[in-house]
Amino acid sequence: MMFVEFKDVYKTYHMGEIKITASDGVSFSIGEGEFALIVGASGAGKTTVLNILGGIDTADSGSVLVDGKDVLKMNRKELIQYRRHDIGFVFQFYNLMPNLTALENIELATQVTPKALDPLQTLSNVGLADRMSNFPSQLSGGEQQRVSIARALAKNPKLLLCDEPTGALDYNTGKSILQLLHETCRQMKKTVVLITHNSMIKPIADRIITMKNSKVEEIYINSNPVSVNDVEW
Amino acid sequence: MKSALIKDILREIWKSKNRFISIMAIVAIGTGFFAGIKAARPGMVETAQIYYSDYNLADLFIKGTMGFTQEDLELSLAANDALNARLGYSADLFFANKRSGANEIAKVISFDPNGREGYLNMPVLKDGRMPRNKNECVVDHLIGRGYAIGSTISLYLDGKEDIEKILSVFDFTIVGLVSSPEYVAFGRGRSNIGNGNVSAFMFICEEAFAYEAHTDLYVSFATSSNLNFYDALYKDYMKTQTAAFEAIGQERSPLRLKEIKDEAQIEINDAKKDLQDGYDEYYDGKDTFDKEISIAQAKISTARYELNEQVKLLAGLPATLAEAEEAYAQGLLAYQEGLAAFEEGIAEFEEGLAAYQEGKDQFEVGLATYNEGLAEYLENLVVYNQGLAVFEEEKAAALAALAGPQAIVAELEKVSAMIGEIQKLHLSPSTEQAELVETLASQIDYAVLSIALEMSTGPSVSIDILQTAIISAINGDAASLGMLGSTALMLEPSRQSIMGEIDAGMAALAAAQSELDTGKALLDEAKSQLDEGKKELDGSAAQLVETEQQLQEAWSAIQDAEEELVSGKEELDAAPEQLELLRKTIAEAPAMVAEAQKQIDEGQKKLDEERAKGLKTLAEALEKLEDGRIEIADAIKELEDLKEPKWYVMERKSSPGYSDFIDDTDKIDKVATVFPVFFILIAALVCSTTMARMVEEQRGQLGTLKTMGYTNREILSKYVAYALAASLSGCAIGLSIGYAVLPRVIFDAYKIMYIYPDLAQRVHWDYIAYCTAVSAIVTVSSACSVCLKELDSEPASLLRPKAPTIGSKIMLEKITPLWKRLGFLQKVTARNIFRYKKRIAMSVVGIAGSCALILAAYGLRHSINSIVERQYKDIFVYDVIGIFDDGLSYEQLEGLKKELIGISGMEEHMLARYAKFDVLKNDGAREDHFIIVPDEPEFFSTFIRLHERQSKQPVALSDEGVVITEKLSRILGAKEGSYITVFEDDIQTRVKVIGIVENYVMNYVYFTPSGYSQAFGKPAAYNAFYAKYSGERDRFSEEVLKIEDILALSFTASSGAQFSDMVASLSIIVGVIIAASGALSLVVLYNLATINISERIREIATIKVLGFTDWEVSSYINRENMASCFIGIVVGVLAGIPFERFIVETIEVNIVMFAPDLNAMSFVMAISLTMLFTLIVNIILHFTLMNVPMSESLKSVE
């Protein structure tokens, strides 16, 4: 059994009288330690998949197995525990607490997780040990995203979910962030699911799931992933 | 406005309904509370105004020392602007309290049942009907139990004034219960009789008054009916009218005096005449009296003589009784003897009677036998005579008959004998013989022929044979001779038979003869016997007649005896009864005599009494006459001395409660100004924050609209419309609820102290407009100002997300030891508080505001409620104060004291002067307060504890000056050592204040007795006593009120209860404030917290994604709320203390001091309620937070 198994997941949003089908029978699986990409255009249903996988949204039917547990069958409390212990989330807009320093932002996550890593260590791992006392507003976007990644990793999650982590960054910064993610996860043997609309970075992933119109269009397993440095976009 | 914009606004409202509703709610609470409380006063005074005009409350009430005449009335009606006027009577009289029997004072007012429309001071009928005749009355509906409709009320005066001069009827049937526009409070004013405390009013028909002239004059004015009675305009107008009527009074004064003098002169003349008549009558009466008394005395003497006679008579009775008893016994004996004799006589008589009867019977029998015998004799005689006749006949016949036979027989015998001779001859045959035989045979033949002839009837045959034989025999034939022998023999039987026959006949004749002879003898014997019997009978008949006569005589004797016996018996039978009677008479005689004696004695006594009474009456009459003479003399003198009458012109404000009500409504108005302004301030603050937040949230939209070319005004209009919609709907809700509920609640609360009809409420458009305008301006202007500020910037910058508030280190972090100690999340909270300074400040203000309001409200309630406890338990430690007549002499007071000591359960008591007196205020007006002069000031603390409020340091009374109560010191602005001016009985004096003591209800000035006499130049007239007692109150009260001079008792316990009833009304207002404060703080907190969440929704979503539990999320946000709550409470408490002081001082009335200190409970309540509200909001927020979608975290920063 794969580490992550998405099976026939359906999800429909009701916006007043309008129904929006966000997941139309999505099925895929991701192995443990894999660096998986979910690629698709805007509105292809990537984020819905990620939300369901992260336990921050629910599906109407199907099953989502993560490490053998069905996320869709979890109740509110179990979902919280799931997010707390098993999931690390990297946001497109970093979502750092503006009122906390870099280190404190990491501590905010580690406070609630017993198996968490050392915040400072994690911060130095992302190369920001010297900025630990800086508030987000004193950091550049790339730096903020690094703090965000450090925050996600510091929880020592089973699964790292990244929502367009480079979407708000310029090319170089984005690339370096992507590299950081890629390398760190490889190094820490984290299972990573990253959604992006940028199909140029497909080669770096172990598994590429292409989505279109709320459906999985293609699942491609890349047996020879390359380093981030080797791709251009 | 573009329709797209309208749609946009409506959508906006729907989308942000929470925000919209919270603005609406804040506006509603603010305006509703403000308008509701603000409307209370106008509603109340309008109710009063309507009430006064509905029942025609007079503008002026005038009392004249010598009454009014029609002329006065006409002058009043003719006065400038006068609308209506009428005359009336009134008097203060006593009636007995049905429960305690104590004298209570009633204000008795006249009522004209035929009063026209517009009758001034019309009573307000509550139940029953108005009086129709002089025996009926209507009473104050508050008069209390015992005076229900149908019961009677008796009025009296205790001798001070002749009640007959006032009333013609004293007992009235209650036909209705009324209130009066003159009496709007529960006080009924003061009086100059009794304890001076009028406890009820009542209306009776004018004709029940006996006054010579009307005592009251009521006037109303045309202008005043168009003025609001509580306005200064009315007050000013009335000032001029009062002056005008005082002038009329002065003008009328000498005229009235002359009138009275003239009338009085006539009366005096009449009185003089009456006096003379009285003297005449007196002397007549005296004569009659003497006569009657002597007659009565004579009657008694006669009775006494008669009694003595009677007694004598009675003394002889026992002897008479003995005699009678003996006589009776003897009589009884004699009777019994007589009875026996009588019975014996009866028996004898009966025996005699029986013998007589027997004799009579025998006689009868004898007579009958005799008669029978006689009859028989006569019969027998007849028979005998007949027999004799028959016998004679028969004898003759028989003799005749026998003659034949005898001849035959003789023939026969001759035949037989010739036969025998023949036969013999035959035997010797001869011729002689044969000639003899022939003769014999012829003879025989003859014999035989005769026999045959004879025997024709006899033995003819034999004769025939014989004859044949004889013929044969003669013929001689021997054989015939044998045959003749045989025939002769044969003839023998015949001869024998005939012989027998003849013998028999002869015998029979003889027998008959003898029989007859026997019969004759018998008859003769019978005859002699009869004759003898007859003789005997005649004898016994004579005897019987004699005996009968004797018997009859005996019978009448017996009857006489019986009669005698019966009457004797009757007499005897009657005798025991008579004896009994006699005995009884003897037995009862002493009692009877005693009774008679007693009656005579009583008669004497009565007579003596009557005589004494009569003498007394006469003496009194004489005295009265003398008095009358003196009186007339006095009256003449008095008349000469008569002063000019005076008019006392009183305005409405002199009616009890009239001004107090206006003052009290002013208090509400002050509350209505102070509290709601606070409310509106908070509401405005919160609304502006909310609107600002809304605009800030939508700056992107603003920018977009701006880039699309919309003008600022167009863009602004959306927010203006939103704000207007929220505030207007909030106003509508708030005003409608506030108006409907609050004035009513407040007025109802005030009705505990006042008697008014139900609230007559008018819609106050001015307040509505005012409230609506203020709330609209506040919300719209805050929306506009934020909006305009944003719109000032370039559209581009608007489109860019607003830079997030910069995180920064806070001051606290520099205090490293403290900072280190804080938990991570605490640090976060601390930083956030400083980061969102503005919003937190807003929360703090909101929370502090409601906390202060609640504190003030509770404090106010405590200030009011604790009065009772403090005043009536801590300060007034006496149990009862009793009021007695003013002006008792020293001896009377001593006597009273003794009587008080004698009351069972009386523990301590002290005489005192306790009265109302005037104190001069700084503005020159006089205000009445109480003066207390205890008899023994050094022990007075047993009854009233005089001490300084804060230090509780006792204050001693001293001759140097007076001790005044705290509130009075504030009214007068007096301090220790300053001087105040007081009036007692119009004596004005200045006294030094030597102490200020704690006191809450009423204001008192305490003097020592010598301090008093120094101040007023006369000793204090004691008219009250303070006492402590043990045991049951009713019994104590009853016992004390039995003391003649005691007029009334007032128990501390019931005064306390009364006062707490009175202040209960304010508690309701306080309750309203508390409720409104609570609602406001809830809404404010919720609103601010919602803003907090909406501002930080991203942050919240993120921490949720990070795996924070619901609790952790709530505490992350609510920690800030709690912190602002704590800060708010601290600020609120600090602000609340002076605020409460301010409120208390604003609301306080002159006669009551509210406890100025805040109690711990008020703080506890304010703090805990504020915390409770925070908690409630936090709980609501917890659920709001739970529902924050995590997908918010994924959105781009706006």
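Residues numbered from 1 in each chain as written. Chains lettered and ligands numbered in written order. Predicted model: local features only at pLDDT ≥ 70, side-chain atom pairs only at ≥ 80, totals over all residues. Heavy atoms only, no water.

**Q** I tried to follow the overall build of chain A on my own but got confused; where do I start?
**A** When helices and strands are counted, chain A shows 6 helices and 10 strands. Counting across all 233 residues of chain A, residues that qualify as buried make up 58%. Within chain A, counting contacts between residues at least 6 apart in sequence, those at least 24 apart form 72% of the total. Accessible area of chain A: about 9400 Å², with a carbon and sulfur share of 48%. (Helix = DSSP H or I, 4+ residues; strand = E, 2+ residues; numbered from the N terminus. Buried < 20%, exposed > 50% of the residue type's maximum accessible area, 1.4 Å probe, protein only. Contact = heavy atoms within 4.5 Å. Areas by Shrake-Rupley, 256 points an atom, 1.4 Å probe, with all protein chains shown as cover.)

**Q** Would you mind going over the sheet that holds strand β2 (residues 18-30) of chain A with me for this structure?
**A** Two pairing modes exist for strands in a sheet, parallel and antiparallel, and in both the strands are linked by backbone hydrogen bonds. Residue and element names in this part refer to chain A. Pairing is antiparallel across the open sheet formed by 4 strands, whose spatial order is β2-β1-β4-β5. The outermost strands of the open sheet, each flanked by one partner alone, are β2 and β5 (69-70). Note: strand β1 (residues 4-15) against β2, 10 bridges, orientation antiparallel. Paired with phenylalanine 6 across the bridge in β2 is phenylalanine 28. On top of the sheet, helix α1 (residues 46-53) reaches β1, β2 and β4 (61-66); it is set at about 115 degrees to β1, its chief contact. (Pairing = 2+ DSSP bridges. Axes fitted to C-alpha atoms, helices over the stretch in contact; angles between N-to-C directions.)

**Q** How do you make sense of the interface of chain B and chain A when you look at a structure like this?
**A** Facing the 32 residues of chain B at the interface are 30 residues of chain A. Buried area between chain B and chain A, both sides added, is near 2800 Å², and the carbon and sulfur share of it is 62%. Considering only the side of chain B, the residues that lose the most area to chain A are Phe824, Leu1106 and Leu1194 of chain B, jointly responsible for 27% of the buried surface there. For arginine 76 of chain A, the salt bridge identified is with aspartate 1110 of chain B, shortest N-O distance 2.8 Å. Where chain B packs against chain A, one counts 10 residue pairs in polar contact (both at pLDDT 80 or more). Listed by contribution, the elements that provide at least two residues to the side of chain B that touches chain A are α15 (824-835), α22 (1097-1105) and α23 (1110-1147) of chain B. The residue inventory of the side of chain B that touches chain A, partitioned by class, reads 13 nonpolar, 10 polar and 9 charged. (Buried area = accessible area lost by both parts, 1.4 Å probe. Salt bridge = Lys/Arg side-chain N within 4 Å of Asp/Glu carboxyl O. Polar contact = N/O pair within 3.5 Å; in protein donor to acceptor, adjacent residues only side chain to side chain. Nonpolar A, V, L, I, M, F, W, Y, C, P; charged D, E, K, R; others polar.)

**Q** Explanation requested: the confidence of the model for chain B in the structure shown.
**A** Keep in mind that low pLDDT regions are not for reading the predicted coordinates in detail. In the predicted model, chain B carries a mean pLDDT of 81, and 90% of its residues have values of at least 70. This complex was scored by the predictor with a pTM of 0.59 and an ipTM of 0.90. (pLDDT = per-residue confidence, 0-100.)

**Q** When you look at the sheet that holds strand β10 (residues 214-221) of chain B in this model, what are you seeing that I'm missing?
**A** Residue and element names in this part refer to chain B. Taken in spatial order, the 4 strands line up as β2-β10-β1-β11 in an open sheet, and their pairing is antiparallel. The sheet terminates laterally at β2 (82-88) and β11 (647-651), the two strands that pair on one side only. Between one strand axis and the next, the sheet turns by 20 degrees as a mean value, whatever way the strands run. As defined by bridge partners, strand β1 (residues 60-68) adjoins β10 across 5 bridges and the pair is classed as antiparallel.

**Q** Please clarify how the packing of helix α8 (residues 658-697) of chain B against α23 of chain B should be interpreted in this entry.
**A** Residues and elements named next belong to chain B. The geometry of α8 relative to α23 is characterised by a closest axis approach of 9 Å and an angle of 160 degrees between their N-to-C directions. It follows that α8 is roughly antiparallel to α23 by the angle criterion. Contacts between α8 and α23 involve Lys667, Lys670, Val671, Val674, Phe675 and Phe678 from the first element and Phe1139, Phe1142, Ile1143, Thr1146 and Ile1147 from the second. For the contact of α8 with α23, a count of residues per class yields 8 nonpolar, 1 polar and 2 charged. (Parallel < 35°, antiparallel > 145°, perpendicular 65-115°, else oblique.)

**Q** It is not clear to me how the pairing of strand β7 (residues 159-163) of chain A should be interpreted in this structure. Could you clarify?
**A** Residues and elements named next belong to chain A. Counting buried positions over the 5 residues of β7 gives 5, a clear majority of the element. One ladder, built from 4 bridges, connects strand β6 (residues 87-90) with β7; its direction is parallel. Opposite phenylalanine 89, over in β7, you have leucine 161 as the bridge partner. Here β7 pairs with strand β8 (residues 191-196) via 5 bridges, running parallel. Counted as the bridge partner of leucine 159 is threonine 191 from β8. Considered for its hand, the β-α-β crossover made up of β7, helix α6 (residues 171-188) and β8 is right-handed. (Right-handed = clockwise from strand over helix to strand, strands pointing away.)

**Q** Where do I start with the nonpolar core in this structure?
**A** For soluble globular proteins, the rule of thumb is that nonpolar side chains tend to be buried together. All names here are of chain B. With 177 residues, the main nonpolar core has Phe245, Phe940, Ile944, Tyr1006 and Tyr1026 as its most contacted residues. The element that contributes the greatest number of residues to this core is α8, accounting for 18 residues. The contacts of tyrosine 1006, once residues within four sequence positions are left out, are Phe876, Ile932, Phe940, Ile944, Leu946, Leu957, Gly961, Val962, Val963, Thr965 and Val997. In terms of nonpolar packing, the next biggest core, distinct from the first, is built from 43 residues, Val962, Ala974, Tyr1022 and Ile1043 among them. (Core = buried A, V, L, I, M, F, W, Y, C linked by side-chain atoms within 4.5 Å.)

**Q** I would appreciate a short explanation of helix α16 (residues 837-875) of chain B in the present structure.
**A** Approximately 30 degrees is the largest bend angle found in α16 of chain B, and it occurs at serine 866 of chain B. Burial analysis of α16 of chain B places 30 of its 39 residues in the buried class, which makes it a mostly covered element. (Bend = angle between axes of the 7 residues up to and from the residue.)

**Q** Help me understand the packing of aromatic side chains, please; the structure alone is not making it clear to me.
**A** Two measures describe an aromatic ring pair: the distance that separates the ring centres and the angle between the ring planes. Residues and elements named next belong to chain B. Using the criterion set out here, one finds 41 aromatic pairs over all chains in the structure. Judged by centre distance (6.2 Å) and plane angle (40 degrees), the ring pair of tyrosine 51 and tyrosine 52 falls under tilted. Residue classification places tyrosine 52 among the buried positions, given a relative accessible area of 1%. In textbook terms, an aromatic cluster arises when at least three aromatic residues are bridged by ring pairs, as seen for Tyr872, Phe876, Tyr878, Tyr914, Phe930, Phe940, Phe943, Tyr1004, Tyr1006 and Tyr1026. In this structure, lysine 17 packs its charged tip against the face of tryptophan 14, placed 4.3 Å from the ring centre. The aromatic ring of phenylalanine 983 is capped on one face by arginine 926, whose charged end is 3.7 Å from the ring centroid. (Phe/Tyr/Trp six-rings, centres within 6.5 Å; stacked < 30°, edge-to-face > 60°. Lys NZ or Arg CZ within 6 Å of the ring centre and 35° of its normal.)

**Q** Sorry, what's going on with helix α2 (residues 76-86) of chain A here?
**A** Each turn of an α-helix holds 3.6 residues, which means side chains three or four residues apart point in the same direction. The complete set of buried residues in α2 of chain A reads Leu79, Ile80, Tyr82, Arg83, Arg84 and Asp86 of chain A. For α2 of chain A, the capping residue at the N-terminal end is asparagine 75 of chain A, with a side-chain oxygen 3.1 Å from the backbone nitrogen of lysine 77 of chain A.

**Q** Would you explain unusual backbone geometry in this entry?
**A** Leaving glycine out, the prevailing phi sign among residues is negative, and the prevailing peptide bond configuration is trans. All names here are of chain B. Here the phi dihedral of aspartate 81 falls at roughly 70 degrees; this positive angle occurs in a residue that is not glycine. Following the sequence through the fold, aspartate 81 ends up in the loop between α3 (70-78) and β2. We note that asparagine 121 has phi near 55 degrees; this positive angle belongs to a residue other than glycine. Tracing the backbone through its elements, the reader meets asparagine 121 in the loop between β4 (103-111) and β5 (124-128).

**Q** Help me out: how do you make sense of the side chain of asparagine 51 of chain A in this one?
**A** Within the fold, asparagine 51 of chain A resides in helix α1. With relative accessibility at 5%, the residue asparagine 51 of chain A sits in the buried group. Discounting chain neighbours no more than four positions away, the residues touching asparagine 51 of chain A are Ile56, Asp57 and Phe89 of chain A together with Ser1191 and Leu1194 of chain B.

**Q** Got a minute to help me understand the pattern of salt bridges in this structure?
**A** Charged atoms that come close allow side chains of opposite charge to pair. Residues and elements named next belong to chain B. Tallied over the full model, the rule gives 48 salt bridges over all chains. Here arginine 583 ties to glutamate 580 by a salt bridge, and the two come within 2.6 Å at their closest N and O atoms. One end of the pair, arginine 583, and the other, glutamate 580, are both in helix α7 (residues 478-641), 3 residues apart, so they sit about a helical turn from each other. Assessed through its relative accessible area of 43%, glutamate 580 is described here as partly exposed.

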